[in-house]
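Close look at the chain arrangement
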Protein chains: 2
Amino acid sequence: MTPSKNRRIVLAARPQGEPKDSDFRLEEVDIPSPGDNQVLLRNLYLSLDPYMRGRMNAGPSYAAPVELNCVMEGGTVSEVVESRSSSLSPGDVVLSYAGWQEYAVAADDMVRKLDPAAASVSTALGVLGMPGMTAYTGLLNIGQPRQGETVVVAAAAGAVGSAVGQIAKIKGCRAVGIAGGPDKCGYVRNELGFDACVDHKGSSFAHELKAACPNGVDVYFENVGGAVLKAVVPLLNKFARMPVCGLIAQYNMSISALPSGPDWSPVLMASALMKRLTIRGFIVSDFEPQRGEFYREMSAWFREGRIKHREDVVEGIENAVGAFQGLLRGRNFGKLLVRMKR
Amino acid sequence: MTPSKNRRIVLAARPQGEPKDSDFRLEEVDIPSPGDNQVLLRNLYLSLDPYMRGRMNAGPSYAAPVELNCVMEGGTVSEVVESRSSSLSPGDVVLSYAGWQEYAVAADDMVRKLDPAAASVSTALGVLGMPGMTAYTGLLNIGQPRQGETVVVAAAAGAVGSAVGQIAKIKGCRAVGIAGGPDKCGYVRNELGFDACVDHKGSSFAHELKAACPNGVDVYFENVGGAVLKAVVPLLNKFARMPVCGLIAQYNMSISALPSGPDWSPVLMASALMKRLTIRGFIVSDFEPQRGEFYREMSAWFREGRIKHREDVVEGIENAVGAFQGLLRGRNFGKLLVRMKR
């Protein structure tokens with residue numbers, strides 16, 4: 001019943017600013033065959049994440065860029081459909097990094113078998129996977145939230161932000177979210193249990209944020225940059241910590257086309273100095289040794305219902321580009337996944 | 001032989017931008033008398049330091065601003081000329097915070113007795129005092145220099161910068177200074193033993209700085225901001241540390257008159273993220289518990305000739321304002337002190 005063709009999305013051009021449809025190309029190619037110690041994977045879910053915008057650029061970043069005319073990279077949950085590995089059998093479900101496509105071949109030591117009985121397998125791409133671990137390690141290692149402190153996070157309805165605020169609550173903090181629109185803000189407050197959530201699209205955003213943080217801000221988990229950052233910095237308390245996890249508001253920005261002035265960097269530096277801030281960038285792999293600890297603690301909270309999550313599922317690889325474009329504009333509501341058509 | 005009058009400099013107006021002569025006023029007032037457990041001090045040396053610019057502003061900073069028509073604050077080395085304290089006698093030399101004036105009364109528990117035999121007493125305002133401890137604690141706690149790494153510091157001929165680079169050398173690092181003009185750069189290289197020193201006034205500054213840091217920059221001890229910061233950030237290595245100690249280039253800047261664009265803050269934030277930087281502000285009092293450790297280690301290095309220093313001494317309280325204006329423009333060469341006329 002396996003179809004004979006693999007549909008995949010390749011990077012056709014390096015986006016200038018916002019990624020356009022023409023920067024990608026949907027291709028139909030033959031399904032590859034696994035070699036020794038390899039498996040053929042049928043992808044069930046593809047994770048779409050903001051970091052992917054960086055991989056589309058030629059410049060230096062965390063990791064090498066995706067080559068032109070090559071498949072866009074991405075984490076997947078996949079089913080083994082053919083195995084030439086002694087450790088994996090057809091029907092096994094694995095976490096892999098198989099990219100924006102329906103089928104892929106992977107070495108057996110590059111995938112991790114999942115237990116579908118433990119949790120819905122898609123959580124391996126979200127709350128119990130990379131986004132959850134990003135929230136957990138960045139907040140706890142760099143943010144170091146202490147009981148009674150105020151933790152602010154933007155994109156609070158998203159995969160990382162929702163986990164940040166809920167972990168902050170578990171640690172006894174006041175959790176203040178920032179999200180786009182009343183539906184997301186209501187969800188963040190009512191379903192996720194944040195103490196407050198402020199709509200960054202509102203005209204009185206900075207004022208409302210200040211009102212939501214009567215004791216100032218001790219931890220700002222930075223995943224957006226831009227106007228939100230500029231609204232938060234004046235509220236930071238002395239010795240506040242700012243884990244810098246992402247900057248989605250500026251991912252489409254070119255260094256040769258910076259925003260017009262004034263130059264706000266002196267404000268940021270003066271705040272760092274006078275408030276004795278710690279501003280520290282990280283990516284989740286910096287904390288790889290904590291994977292076991294993260295998984296044990298986070299999956300326990302998840303089972304206990306103390307950590308909730310929400311998925312925004314798009315059907316079909318042909319809709320991945322549009323979904324990703326929406327992600328950069330904040331259109332998703334929850335962890336964004338592409339479910340492959342069966 | 002004690003004169004009957006005290007000359008002092010008060011803050012006459014809050015400076016807008018660069019401090020003008022008219023922002024200060026030289027006054028002659030009666031010499032005060034000490035009460036119980038107080039001493040009358042004759043100041044020998046007044047320390048002039050960049051942080052004083054912040055005290056002239058009304059806005060929030062580390063500490064309360066100097067009130068208008070009050071004496072400018074500042075660290076001093078002073079001689080006890082009259083004592084109503086059981087712990088201090090006339091002739092004792094003390095470290096105090098007696099401000100921009102010739103005489104002052106101080107409580108005996110607010111001064112610290114110095115040993116003139118141990119080191120020239122003026123070092124208590126420089127290499128063995130606040131500036132030296134600023135360099136020591138900021139570099140070691142936040143910069144965390146490791147053998148073989150590259151440490152960059154600006155104002156390298158100054159009180160803090162000169163100590164930063166020399167401590168970096170002691171820790172086995174490559175020390176690269178930035179200073180204004182060939183005389184200072186020559187001194188930093190030849191006398192202080194930095195591996196390189198780059199003239200920030202040169203037209204090819206950024207290019208020369210890059211050439212001086214062939215392995216990139218692991219620690220940037222930030223005490224200037226502005227153009228130097230913008231030249232250093234592209235050279236920072238992954239996981240580089242930036243202790244933020246001062247921002248002299250922007251001390252005269254008003255938050256309501258930021259530099260024109262483009263807005264460089266997205267570059268700074270993107271660098272923090274992609275390079276996993278740690279940017280952390282501090283002031284020396286944050287590390288007060290390390291005072292004993294600092295003094296033991298630094299004075300040993302000083303005695304062994306491993307830490308050198310240079311003083312730039314101006315004569316007479318009436319010249320303090322001009323000297324301070326020069327400090328903000330980088331005109332001093334070494335630790336800036338005012339020696340009171342006898």
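Every chain is numbered on its own, with residues counted from 1 as its sequence reads. Lettering for chains starts from A, numbering for ligands starts from 1, and both go in the order in which the items are written. Thresholds applied to this predicted model are a pLDDT of at least 70 for local features of residues and 80 or more for the giving and counting of side-chain atom pairs; totals over whole chains, interfaces and linings are not thresholded and use all residues.

**Side note on the overall build of chain A**
- Each helix is a run of H or I in the DSSP string that is no shorter than four residues. Each strand is a run of E no shorter than two, and both are numbered from the N terminus. Along the backbone of chain A there are nine helices and 15 strands.
- What the globule rule says is 2.2 Å times the number of residues to the power 0.38, and the radius of gyration is computed from C-alpha atoms. Here chain A has a C-alpha radius of gyration of 21 Å; the compact-globule value for 342 residues is 20 Å, and the two agree.
- Along the first, second and third principal axes, the C-alpha atoms of chain A reach 60 × 45 × 35 Å.
- C-beta atoms are placed from the backbone for every residue, and two residues are taken to be in contact when these atoms lie within 7 Å. Sequence separation of at least 24 residues holds for 65% of the intrachain contacts in chain A that already meet a minimum separation of 6.

**A short note on the relation of the copies chain A and chain B**
- Rotating chain A by 180° and translating it 0.0 Å along the rotation axis places it on chain B, where the RMSD comes to 0.0 Å. In short, the pair behaves as if placed about a two-fold rotation axis. Among all C-alpha atoms of chain A, that of A:G261 lies closest to the rotation axis, at 1.6 Å.
- Interface overlap between copies is the fraction of interface residues in one copy that are interface residues in the other; for chain A against chain B it reaches 100%, indicating a shared surface. Residues below a pLDDT of 70 in either copy are left out; the C-alpha atoms of the rest, at least 70 in both, set the least-squares superposition of the copies.

**Describing the interface of chain A and chain B**
- Each partner contributes residues to the interface: chain A has 34 residues there, and chain B has 34 residues.
- Elements with a minimum of two residues in the side of chain A that touches chain B: α7 (265-274) and β13 (278-281) of chain A.
- In terms of residue count, α7(A) provides more of the side of chain A that touches chain B than any other element does, nine residues in total.
- Three categories are distinguished: nonpolar for Ala, Val, Leu, Ile, Met, Phe, Trp, Tyr, Cys and Pro, charged for Asp, Glu, Lys and Arg, and polar for the others, with Gly belonging to the last. The class makeup of the residues in the side of chain A that touches chain B is 21 nonpolar, eight polar and five charged.
- Note on pairing: two strands pair once DSSP finds at least 2 bridges between them. Pairing of β13(A) with strand β13 (residues 278-281) of chain B involves three bridges; the strand directions are antiparallel. Across the sheet, the residue bridging to A:T278 is B:R280, located in β13(B).

**Brief notes about the domain arrangement of chain A**
Residues and elements named next belong to chain A.
- Split into domains, chain A comes out as domain 1 (5-126 + 309-339) and domain 2 (130-288 + 295-301).
- Each of domain 1 and domain 2 was reduced to a C-alpha centroid, and the two centroids are 27 Å apart.
- Along the lines of polarity and charge, the residues of the side of domain 1 that touches domain 2 split into five nonpolar, seven polar and three charged. In this document the domain limits rely on a domain assignment from an automatic tool or a database.

**So, the packing of helix α2 (residues 130-143) of chain B against helix α8 (residues 291-303) of chain B**
All names here are of chain B.
- Where α2 meets α8, the closest approach of the two axes is 10 Å, and the angle between their N-to-C directions is 100°. Classified by the angle between their axes, α2 and α8 sit roughly perpendicular to one another. In contact with G132, M133, Y136 and T137 of α2, α8 contributes R291, F294 and M298. For every element, the axis is a line fit to its C-alpha atoms; helices are fit only across the contacting stretch, and the angle between N-to-C directions ranges from 0 to 180 degrees. Geometric relationships in this document are graded by angle, where less than 35 degrees denotes roughly parallel, more than 145 denotes roughly antiparallel, 65 to 115 denotes roughly perpendicular, and other angles denote oblique.

**Structural notes on the sheet that holds β13(A)**
- Pairing within the open sheet is mixed, and its 12 strands lie in the order β10(A)-β9(A)-β8(A)-β11(A)-β12(A)-β13(A)-β13(B)-β12(B)-β11(B)-β8(B)-β9(B)-β10(B). Looking along the sheet, the strands with just one partner apiece sit at the ends: β10 (196-199) of chain A together with β10 (196-199) of chain B. When strand polarity is set aside, the average angle formed by the axes of neighbouring strands in this sheet is 15°.
- As paired strands, strand β8 (residues 150-153) of chain B and strand β11 (residues 217-221) of chain B are joined by three bridges and run parallel to one another. Within the sheet, the bridge partner assigned to B:V151 lies in β11(B) and is B:V219.
- Its contacts with the sheet place α2(B) against β8, β11, β12 (236-244) and β13 of chain B, and it is angled at close to 145° to β12(B).

**Overview of unusual backbone geometry**
All names here are of chain A.
- P262 follows G261 through a cis peptide bond whose omega is 0°.
- Within the element layout of this structure, P262 appears in the loop between β12 (236-244) and α7.
- Look at F239: it is not a glycine, yet its phi comes out positive at around 65°.
- Examined against the element boundaries, F239 turns out to sit in strand β12.
- Exposure in this text rests on C-beta crowding, where 20 or more other C-beta atoms within 10 Å of a residue's own make it buried, 12 or fewer make it exposed, and counts in between make it partly exposed. The C-beta atoms are placed from the backbone. A residue is classified by how many C-beta atoms lie within 10 Å of it, and F239, with 14 of them, is partly exposed.

**As for the environment of A:I248**
All names here are of chain A.
- Relative to the assigned elements, I248 resides in the loop between β12 and α7.
- Sequence spacing of I248 and P116 is 132 residues, and the spatial spacing of their C-alpha atoms is 32 Å.
- Other than its neighbours up to four places away in sequence, I248 contacts P50, A155, N223, V224 and L328.

**Focus on helix α3 (residues 159-170) of chain A**
Residues and elements named next belong to chain A.
- Take the residue count of a helix, subtract one, and multiply by 1.5 Å to get its expected span. Over its 12 residues, α3 extends 17 Å from the first C-alpha to the last, a length consistent with the 16 Å expected when each residue adds 1.5 Å.
- Counted residue by residue, α3 has 10 buried out of 12 residues, so it is predominantly covered.
- In this structure, the buried residues of α3 make contact with α2 (130-143), β8 (150-153), β9 (174-179), β11 (217-221) and β15 (335-339).
- Just downstream of α3 lies G172, where phi reads positive at about 85°.

**As for the confidence of the model for chain A**
- Along the chain, pLDDT gives the predictor's confidence residue by residue, from 0 to 100. Mean pLDDT for chain A: 95, with 98% of residues reaching 70 or above.
- Interface predicted TM-score (ipTM) for the complex: 0.93; the corresponding pTM is 0.94.

**Quick notes on the nonpolar core**
- Throughout this description, the term nonpolar core refers to a group of buried Ala, Val, Leu, Ile, Met, Phe, Trp, Tyr and Cys residues whose C-beta atoms join them within 7 Å. Counting 223 residues, the largest nonpolar core has A:A156, A:V232, A:A320, B:A156, B:V232, B:A320 and B:V338 as its most contacted members.
- In contact with A:V232, other than residues within four places in its own chain, are A:V152, A:V217 and A:Y220.

**Structural notes on helix α8 (residues 291-303) of chain A**
Residue and element names in this part refer to chain A.
- Relative to the 18 Å expected for 13 residues at 1.5 Å per residue, α8 spans 18 Å between its end C-alpha atoms, a close match to the ideal helical length.
- In this structure, the buried side of α8 is in contact with α2.
- In the stretch just after α8, G305 is the one whose phi turns positive, near 80°.

**Here's the deal with the environment of A:L247**
- Within the secondary structure layout, A:L247 lies in the loop between β12 and α7.
- With 24 C-beta atoms counted inside 10 Å, the residue A:L247 sits in the buried group.
- Each C-alpha atom, one on A:L247 and one on A:F24, is 23 Å from the other, the two residues being 223 residues apart in sequence.
- Residue contacts for A:L247: discarding those within four places in its chain leaves A:V224, A:G225, B:M269, B:A270 and B:L273.

**A few points about the pairing of β12(A)**
All names here are of chain A.
- The pairing of β11 with β12 spans two bridges and is parallel. Bridged to V219 within β12 is R241.
- Between the parallel elements β11 and β12, the chain passes through helix α6 (residues 226-232) in a crossover that is right-handed.
- Bridge count for β12 against β13 is four bridges, and the pairing is parallel. Note that in β13 the partner of R241 across the bridge is T278. With its strands directed away from the observer, a crossover is right-handed exactly when the path from the first strand over the helix to the second travels clockwise.

**Side note on the environment of B:S78**
Residues and elements named next belong to chain B.
- Topologically, S78 is positioned in strand β4 (residues 76-83).
- Each C-alpha atom, one on S78 and one on V121, is 9.3 Å from the other, the two residues being 43 residues apart in sequence.
- When residues no more than four places from it in sequence are discounted, the contact partners of S78 are L41, R42, N43, L44, V94, S96 and A98.

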